[in-house]
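The lines below spell out each chain.
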Amino acid sequence: MDPREFKHDMAIARTGADAPEQIRVALTFSVSDREKLWDAAAERGLASPGMGIEDIIDVIGPREDPSLVECLAMLVQPAPTPGCRLEGFDVTQFASA
């Protein structure tokens, strides 16, 4: 989608000219391939300075039994956004249906 085509009501109630506003963005993931998820998280972690494979396994678990929560946290943690301060970041695993 071209950002110029995005139409959104920009009328936002503020209590003051510089009052910060909190906005929540929620994503829900279904994990279909635990090994692919681990591979991607391990690759991201290994790109961090000073991280070795032992450190990665300590954080996200071994490939054979990964911590899905930690893998997703490694991959979906948002990058800094100009003009914003990250107020919270949480990854929670729900019971399987």
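Preceding this paragraph is the structure being described.
Along each chain, the written sequence defines residue order, and numbers are assigned to residues from 1. This being a predicted model, a pLDDT of at least 70 is required before a residue's local features are given, and a value of 80 or more before pairs of side-chain atoms are given or counted; all residues contribute to the totals for chains, interfaces and linings. Only hydrogens and water are set aside; all other atoms, that is, all heavy atoms of the structure, feed into the side-chain values.

### A few points about the nonpolar core
At step 1: We define the nonpolar core as a collection of buried residues of types Ala, Val, Leu, Ile, Met, Phe, Trp, Tyr and Cys that are connected through side-chain atoms lying within 4.5 Å of one another. Burial classes: relative accessible area under 20% of the type maximum marks a residue as buried, over 50% as exposed, and values in between as partly exposed (1.4 Å probe, protein chains only). Among the nonpolar cores identified, the biggest contains ten residues, and these are Leu37, Trp38, Ala41, Ala42, Ile56, Ile60, Leu68, Cys71, Leu72 and Met74.
At step 2: Those elements that provide at least two residues to this core are helix 1 (34-46), helix 2 (53-60) and helix 3 (68-76). Secondary structure elements follow DSSP: runs of H or I of four or more residues count as helices, runs of E of two or more count as strands, with numbering from the N terminus.

### With respect to the environment of Ile53
At step 1: Inspection of the secondary structure puts Ile53 in helix 2.
At step 2: A relative accessible area of 37% means that Ile53 is categorised as partly exposed.
At step 3: For Ile53 and Ala42, which are eleven residues apart along the polypeptide, the C-alpha to C-alpha distance reads 7.8 Å.
At step 4: Those residues in contact with Ile53 that lie beyond four places of it in its chain are Trp38 and Leu46. Between two residues, a contact is recorded if the distance between any of their heavy atoms is within 4.5 Å.

### Things to note about the environment of Leu72
At step 1: Mapped onto the fold, Leu72 is located in helix 3.
At step 2: Measuring from C-alpha to C-alpha, the distance between Leu72 and Thr92 comes to 9.7 Å, with 20 residues separating the pair along the chain.

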